[in-house]
Amino acid sequence: MSINEKSYAYGASKSSIREIAAYGARRKAEIGAENVFDFSIGNPSVPAPDVVRESIARSLELPPTELHGYTPASGTPAARQAVADSLNRRFDAGADAGDLYLTCGAAAAISISFHAIVNPGDEVIVIAPYFPEYRVWIETAGATCVEVLADQDTFQIDTAAVEAAITPRTKAVIIDSPNNPSGAVYSADNLAALADVLTKKSADLGTAIYLVSDEPYRDIVYGCEVPWVPKFYGRTIVTYSYSKSLSLPGERIGWVYVPATNPDHDRLIPAIAGAGRKLGFVCAPALFQRVLIDCVDVPADVASYARNREALTSGLSELGYHYIEPQGAFYLWLQALEPDANAFFERAKKLELLPVASDSFGCTGWVRLGYCCDYETIVNSMPAWKKLKESYA
Ligand code: PLP
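Definitions and cut-offs
Residues numbered from 1 in each chain as written. Predicted model: local features only at pLDDT ≥ 70, side-chain atom pairs only at ≥ 80, totals over all residues. Heavy atoms only, no water. Pairing = 2+ DSSP bridges. Helix = DSSP H or I, 4+ residues; strand = E, 2+ residues; numbered from the N terminus. Axes fitted to C-alpha atoms, helices over the stretch in contact; angles between N-to-C directions. Contact = heavy atoms within 4.5 Å. Buried < 20%, exposed > 50% of the residue type's maximum accessible area, 1.4 Å probe, protein only. Right-handed = clockwise from strand over helix to strand, strands pointing away.

**Description of the sheet that holds strand β13 (residues 366-370)**
Link 1 in the chain: The strand order β9-β10-β13-β12 describes an open sheet built from four strands, whose pairing is antiparallel. The open sheet has two free edges, formed respectively by β9 (323-324) and β12 (356-357), since each of these has just one partner strand.
Link 2 in the chain: Relative to strand β10 (residues 331-335), β9 runs antiparallel, the two sharing two bridges. Bridge pairing in β10 places Ile324 opposite Trp333.

Structure below.
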């Protein structure tokens, strides 16, 4: 039987993060949830804010056809306007409802962005370590995924390495700050240097290089600012999701934003809509479009993640582990105690510790710990981390 072999391969190989999370769920059923220390998937344990529940309750009073009906493909004007107003209040963005396309989370927003700009044979640069699904979305849009290592001390973008990786086929660079998995927030200087490289290389090569800024963790930061990327580089497309900031990953709501300052704005807006149409990614969930109107400015519960971060970093540093101090998101990037991160993961797994090996994120020697789990999981995992460390003595 002839089927699409690429789709088969993506489905048959599975995401390693999801595989570990599924293993964790099975193991919890076998030995009790309190005995498994699952740091695998970025599923927030913090509840969605009460205002979300109140907003849903109000919507449920609407006539069913109004409540459950199709919206315009790009989202309702009211929801898009609410997002635009919020961007203007927060970043002086100059956004208009027409610059936004609402999506089923960042996953759809990023896929749509690539399908809007990429032609067969193009290349898209990712900064390793990177969110593994980027590769799938880049390849399915017809491009090649080109990995460029971040600076291995600071995990900022190594702009000289990006410059060296740009070719006449480079169509885009995708960045993610605060970063999953390293927790780094790219500084204004780092973004300015990246913008300089992209501007210079596009001028030298006579090409247009886009910057896709994927920002689902923008609102989860520990005392630092996340610069607004379109201020640094014109050809930016921003993608966002409420999965993490409002703890709504299962509800699938996010957006693509093309700033008016993007020189290709007027052609990109229809291309974004066309990519959504092509992929069948139209009419984001109507109920959650309504929620956005009420909740677009509701802050993320950073305090809960800050408490988890403190418990995890202080516990692990006392045990002598080396990690990158996370500035944002809810991931800790921990150096494995041997060069082979998979071997380190297997040893951790025997102690019921479930991080994710860095090979999944495009580099070796580290593991990612998602600390969006319960506080108790972090505190109770410390004896196992101690045993793991001692096993390398
Ligand atoms: N981008 C990054 C960096 C992520 O970590 C995730 C999810 O974990 C996504 C995109 C996808 O987010 P969503 O759940 O909104 O599709």
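On we go.
**Notes on the sheet that holds strand β5 (residues 170-176)**
Link 1 in the chain: Taken in spatial order, the seven strands make up an open sheet running β2-β8-β7-β6-β5-β3-β4, and their pairing is mixed. Strands at the two margins of the open sheet, each flanked by one partner only, are β2 (100-103) and β4 (144-149). The average undirected angle you get between the axes of adjacent strands in this sheet is 20 degrees.
Link 2 in the chain: Where strand β3 (residues 123-128) and β5 come together, four bridges link them in parallel fashion. Across the sheet, residue Ile125 finds its bridge partner in β5, namely Val173.
Link 3 in the chain: Docked against the sheet, helix α7 (residues 133-140) engages β3, β4, β5 and β6 (210-214), running at close to 145 degrees with respect to β4.

**Comments concerning the pairing of β5**
Link 1 in the chain: Burial of β5 is extensive: seven of the seven residues sit out of reach of the surface.
Link 2 in the chain: The pairing of β5 with β6 spans five bridges and is parallel. Of the residues in β6, the one forming a bridge with Val173 is Leu211.
Link 3 in the chain: Handedness of the β-α-β unit built from β5, helix α9 (residues 188-205) and β6 comes out right-handed.

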